[in-house]
Amino acid sequence: MSWLEERLPEYFSQFDTATARMHALLEALPAAKSVEYGYIQGIGPAQQAAALLCRALLKFSGSEEMRGIALEIQHSRLRELAEVRELRLFLQDITGRARDASSFTQARGLLVKRLGAALDSAEECGSVDRDYAAIMVPLHDYAIRLCELTMKYDLQPVLLPQVRAVRRAHLQTRRSLTLLYPNSR
């Protein structure tokens, strides 16, 4: 048995832990008091899970191409988490539009359910890289759709460029993953 085969249970355990934690955090999100806060609440757990999944892949993958993608994703998600923390502090002084918050919260809940269903239906295929892609594509889909949902509403001018940048980054990463592993959609 190879080193990797011996360590696969540890790898899958890290994946399961990261996705289960993210899903639990997303399921437990409180109602958004504004669209801006709703976005910040919904993107944080996904970014944290993506960074943890990247760390696991970097530890176990032998593919330099996948390791490069994972490293890029990890740096991008950690940067986005820092930006989200800054925005949370900034938004404490701004009152969002509460009337949009309840419809946003409902729509975000549907996105969380779709993500949960996609993660539940992802099958382990025994390949570190393929399993990584099978989890990361739905995670990026969630982030893309959350950004699109957020952009439907009037946002504070400071948030809109960041939401657009996050969406672009997730679209690019999703494209890279699906080019390498077309069946991971």
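These numbers come from a predicted model, not from an experiment.

A separate point is the pattern of salt bridges. Throughout the structure, instances matching the rule amount to seven salt bridges. For Lys59, the salt bridge is made with Glu10, and the minimal N-O distance between the two is 3.0 Å. Taken together, the residues Lys59 in helix α2 (residues 35–60) and Glu10 in helix α1 (residues 3–27) connect sequence positions 49 residues apart. Residue classification places Glu10 among the partly exposed residues on the basis of a relative accessible area of 31%. For Asp141, the salt bridge is made with Arg174, and the minimal N-O distance between the two is 2.3 Å.

Turning our eyes to something else, we now look at α2. Taking 1.5 Å per residue as the helical rise, α2 with its 26 residues ought to reach 38 Å, and the 38 Å between its terminal C-alpha atoms agrees with that figure. Counting buried positions along α2 gives 22 out of 26 residues, so the element sits mostly inside the fold.

As for its position among the elements, Arg145 is in helix α5 (residues 128–151). The exposure class of Arg145 is partly exposed, given its relative accessible area of 38%. Along the backbone, Arg145 and Arg108 are 37 residues apart, and their C-alpha atoms lie at a distance of 9.0 Å. Sequence-distant contacts of Arg145, defined by excluding residues within four places in its chain, comprise Leu111 and Arg114.

Attention shifts here to the nonpolar core. By size, the foremost hydrophobic cluster in this structure holds 51 residues, and its most contacted members are Tyr11, Tyr39, Tyr132, Met136 and Leu139. It is α2 that provides the largest number of residues to this core, a total of 13 residues. With near-sequence residues (within four places) excluded, Tyr11 lies in contact with Ala56, Leu57, Phe60, Val128 and Tyr132.

Turning next to the environment of Leu57. Locating Leu57 in the fold gives a position in helix α2. Judged by relative accessible area, which is 0%, Leu57 ranks as buried.

With that out of the way, let us pick up the packing of α2 against helix α6 (residues 159–180). The N-to-C vectors of α2 and α6 enclose an angle of 30 degrees; their axes lie 12 Å apart at closest approach. Between α2 and α6, the crossing angle belongs to the class labelled roughly parallel. The two elements α2 and α6 cross, and the hand of that crossing is left-handed. Residues Glu36, Tyr39, Ile43 and Gln47 of α2 pack against Leu159, Gln162, Val163, Val166 and His170 of α6. By residue class, the composition of the contact of α2 with α6 is five nonpolar, three polar and one charged.

This next bit is on the packing of aromatic side chains. Scanning the entire structure with this criterion turns up one aromatic pair. For the cation-ring pair, Lys33 lies above Tyr37, with the distance from its terminal atom to the ring centre recorded as 4.4 Å.

To continue, consider the packing of α2 against α5. The description of two helices packed together rests on the angle between their axes and the distance between the axes. Running from N to C, α2 and α5 cross one another at 165 degrees; their axes reach a closest spacing of 10 Å. Overall, the two elements α2 and α5 adopt an arrangement that is roughly antiparallel. Along this stretch, α2 crosses α5, giving a crossing that reads as left-handed. Facing Val35, Tyr39, Gly42, Ile43, Ala46, Ala49, Ala50, Leu53, Cys54, Leu57 and Phe60 of α2, the residues of α5 in contact are Val128, Asp129, Tyr132, Ile135, Met136, Leu139, Tyr142, Ala143, Leu146, Cys147 and Thr150. Residue composition of the contact of α2 with α5, by class: 19 nonpolar, two polar and one charged.

Criteria and cut-off values
- Residues numbered from 1 in each chain as written.
- Predicted model: local features only at pLDDT ≥ 70, side-chain atom pairs only at ≥ 80, totals over all residues.
- Heavy atoms only, no water.
- Salt bridge = Lys/Arg side-chain N within 4 Å of Asp/Glu carboxyl O.
- Helix = DSSP H or I, 4+ residues; strand = E, 2+ residues; numbered from the N terminus.
- Buried < 20%, exposed > 50% of the residue type's maximum accessible area, 1.4 Å probe, protein only.
- Expected span 1.5 Å × (residues − 1).
- Contact = heavy atoms within 4.5 Å.
- Core = buried A, V, L, I, M, F, W, Y, C linked by side-chain atoms within 4.5 Å.
- Axes fitted to C-alpha atoms, helices over the stretch in contact; angles between N-to-C directions.
- Parallel < 35°, antiparallel > 145°, perpendicular 65-115°, else oblique.
- Left-handed = near helix turned anticlockwise from the far one by under 90°.
- Nonpolar A, V, L, I, M, F, W, Y, C, P; charged D, E, K, R; others polar.
- Phe/Tyr/Trp six-rings, centres within 6.5 Å; stacked < 30°, edge-to-face > 60°.
- Lys NZ or Arg CZ within 6 Å of the ring centre and 35° of its normal.

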